[in-house]
Amino acid sequence: MFLGNPYGEIMSKKSKKPDNQICANKKARHEYFIEETFEAGLALQGWEVKAIRAGKMTITEAYVIFRNNEAFLFGAHIQPLLSSSTHVSPDSIRTRKLLLNRREIEKLSGAINQKGYACVPLSCYWKNSLVKCQIGLALGKKQHDKRKTLKDRDWERDKQRGFKQHLG
């Protein structure tokens, strides 16, 4: 019984991000304590969807702003494709509307205005044929909190190494 590749080709290693994930904001988890997460839709133009399918989106410098009881993603960069954006003038860092229901917007904007939280995008991904953005209600970390997080992560890594050496 043959379980390998029938063509005899060498299989490449899988990437760490799942198939439906577009981009992630790793810096947000380092800079903030994430209290609660929400899923929001993104209102996009046609050229933006084509560029996202080609993997041309980054949200590392992006954040969420609230105006007139609406949420907007500010600072997300979508690099336009040369082939699909010939007849339009694309703005790669335009403000894009986030699609949330009224209660979620009120909860987020209230926490930001009264309690000093921030609202940051954590990741963007495909859900069926729609682009969704996971946003988080975040509280900023101080420098000593960041050092403690790094120390804990190193300790866990060393602990796992010790178990592997002890067992192996």
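Just above, that's the structure.
My aim in this report is to walk through the structure given alongside it, one point at a time. Nothing here was measured: the structure is a model prediction, and the numbers come from that model. Counting restarts for each chain: residues are numbered from 1 in the order of the written sequence. The predicted origin of the model limits local features to residues at a pLDDT of at least 70 and limits the giving and counting of side-chain atom pairs to 80 or more, whereas totals for whole chains, interfaces and linings rest on all residues. Think of the side-chain values as coming from all heavy atoms in the structure, minus any hydrogens and water.

Quick word on the packing of aromatic side chains
Note the cut-off: Under the pairing criterion, centres of Phe, Tyr and Trp rings, with the six-membered ring standing for Trp, must be within 6.5 Å; the plane angle then separates stacked pairs below 30 degrees from edge-to-face pairs above 60, leaving the rest tilted. The helix count covers DSSP runs of H or I at least four residues long, the strand count covers runs of E at least two residues long, and both are numbered beginning at the N terminus. When accessible area is computed with a 1.4 Å probe and restricted to protein chains, residues below 20% of their type maximum are described as buried, those above 50% as exposed, and intermediate ones as partly exposed.
Evaluation of the coordinates by the stated rule reveals one aromatic pair. Note on Tyr-63 and Phe-74: the rings are 5.3 Å apart at their centroids and 55° apart in plane angle, and the pair reads as tilted. You can see Tyr-63 sitting in strand E4 (residues 63-67) and its partner Phe-74 sitting in strand E5 (residues 70-74), a full eleven residues away along the chain. Using a relative accessible area of 32% as the deciding quantity, one classes Phe-74 as partly exposed.

Description of the pattern of salt bridges
What counts is decided by this rule: A pairing counts as a salt bridge when a side-chain nitrogen of Lys or Arg comes within 4 Å of a carboxyl oxygen of Asp or Glu.
Under the defined criterion, the tally for this structure stands at ten salt bridges. Note that Glu-70 is salt-bridged to Lys-97, the shortest N-O span being 3.0 Å. Residue Glu-70 is located in strand E5, and its partner Lys-97 is located in strand E7 (residues 96-99); the two are separated by 27 residues in the primary sequence. Between Lys-159 and Glu-156 there is a salt bridge, and its shortest N-O distance comes to 3.4 Å. Separated by three residues within a single helix, Lys-159 and Glu-156 lie in helix H4 (residues 143-167), roughly one turn from each other. On the accessibility criterion, Lys-159 (30% relative accessible area) is partly exposed. Linked through salt bridges whose partners overlap, the residues forming this network are Glu-48, Arg-94 and Arg-96.

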